[in-house]
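Observations on the three-dimensional arrangement
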Amino acid sequence: QVQLVESGGGMVQAGGSLRLSCTASRRTISIYAIAWFRQAPGKDREFVAAINWSGGSTYYSDSVKGRFTITRDNAKNTVYLQMNSLKPEDTAVYYCAAGRAYRGSYYYETAYDYWGQGTQVTVSS
């Protein structure tokens, strides 16, 4: 069992930046792909970004590409999501997830077995 804890959420003005962290309870996180998803009020949860087990491959949704960067530090059992040029439409609860995703499956919730509780990000205009 892997427990994931997100942190770093908060309120920021449009154009600002935040860095989210996802810390795992076990070192075995290094074998898992990690993804960030988000869910805005009244909307379905959507894929944001993912990184493979080694950090050598990353994947982004079109809506965040060029603004968000996902990285990982396996020695610290932590994955980061650097969010720049934030927009009001980025407002959502952000969740990190871990699983044995593989090529083609990184974008789908079903590829991930473990989920955090989420952290709120609010971007004001």
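See the structure above.
Each value, and the rule that gives it
Residues numbered from 1 in each chain as written. Predicted model: local features only at pLDDT ≥ 70, side-chain atom pairs only at ≥ 80, totals over all residues. Heavy atoms only, no water. Helix = DSSP H or I, 4+ residues; strand = E, 2+ residues; numbered from the N terminus. Rg over C-alpha atoms; globule rule 2.2 N^0.38 Å. Buried < 20%, exposed > 50% of the residue type's maximum accessible area, 1.4 Å probe, protein only. Contact = heavy atoms within 4.5 Å. Areas by Shrake-Rupley, 256 points an atom, 1.4 Å probe, with all protein chains shown as cover. Disulfide = S-S within 2.5 Å. Phe/Tyr/Trp six-rings, centres within 6.5 Å; stacked < 30°, edge-to-face > 60°. Lys NZ or Arg CZ within 6 Å of the ring centre and 35° of its normal.

Moving on, we get to the overall build of the protein. Along the backbone of the protein there are zero helices and 11 strands. Secondary structure of the protein in N-to-C order comes out as β-β-β-β-β-β-β-β-β-β-β. Over its C-alpha atoms the protein spans a radius of gyration of 13 Å, differing by no more than 12% from the 14 Å that the globule rule assigns to 125 residues. Overall size of the protein, expressed as C-alpha extent along the three principal axes, is 40 × 25 × 25 Å. Counting only residues that meet the buried cut, the protein has 46% of its 125 residues in that class. Within the protein, contacts between residues separated by at least 24 positions form 58% of all contacts whose residues are at least 6 apart in sequence. Working note: accessible area of the protein is about 6,500 Å², and carbon and sulfur atoms make up 46% of it.

Attention now moves to the state of the cysteines. Inspection of every chain in the model, using the stated rule, returns one disulfide. A sulfur-sulfur separation of 2.1 Å characterises the disulfide bridge that pairs Cys22 with Cys96. With the S-S bond torsion at 65 degrees, the cross-link from Cys22 to Cys96 turns out right-handed. On the criterion of sequence distance, the pair formed by Cys22 in strand S3 (residues 18–24) and Cys96 in strand S9 (residues 92–99) is long-range, its members being 74 residues apart. According to the relative accessible area criterion, Cys96 is buried, its value standing at 0%.

We now examine the packing of aromatic side chains. In the structure shown here, the tally under the stated rule is seven aromatic pairs. Relative to Tyr114, the ring of Tyr32 lies with its centre 5.8 Å away and its plane at 75 degrees, an arrangement referred to as edge-to-face. Linking Tyr32 in the loop between S3 and strand S4 (33–39) with Tyr114 in strand S10 (residues 114–115), this pair joins segments that are 82 residues apart in sequence. Classification of Tyr32 by relative accessible area gives buried; the value is 8%. Ring geometry for Tyr59 versus Tyr106: centroids 4.2 Å apart, planes at 15 degrees, classification stacked. With Tyr59 in strand S6 (residues 58–60) and Tyr106 in the loop between S9 and S10, this residue pair connects regions lying 47 residues apart in the sequence. An aromatic cluster of three or more residues is present, and its members are Phe37, Phe47, Tyr59, Tyr106, Tyr107, Tyr112 and Trp115. Arg45 extends its terminal NZ or CZ atom over the ring of Tyr95, reaching a point 5.0 Å from the ring centre. The ring centre of Trp115 lies 4.1 Å from the NZ or CZ of Arg45, which sits over that ring.

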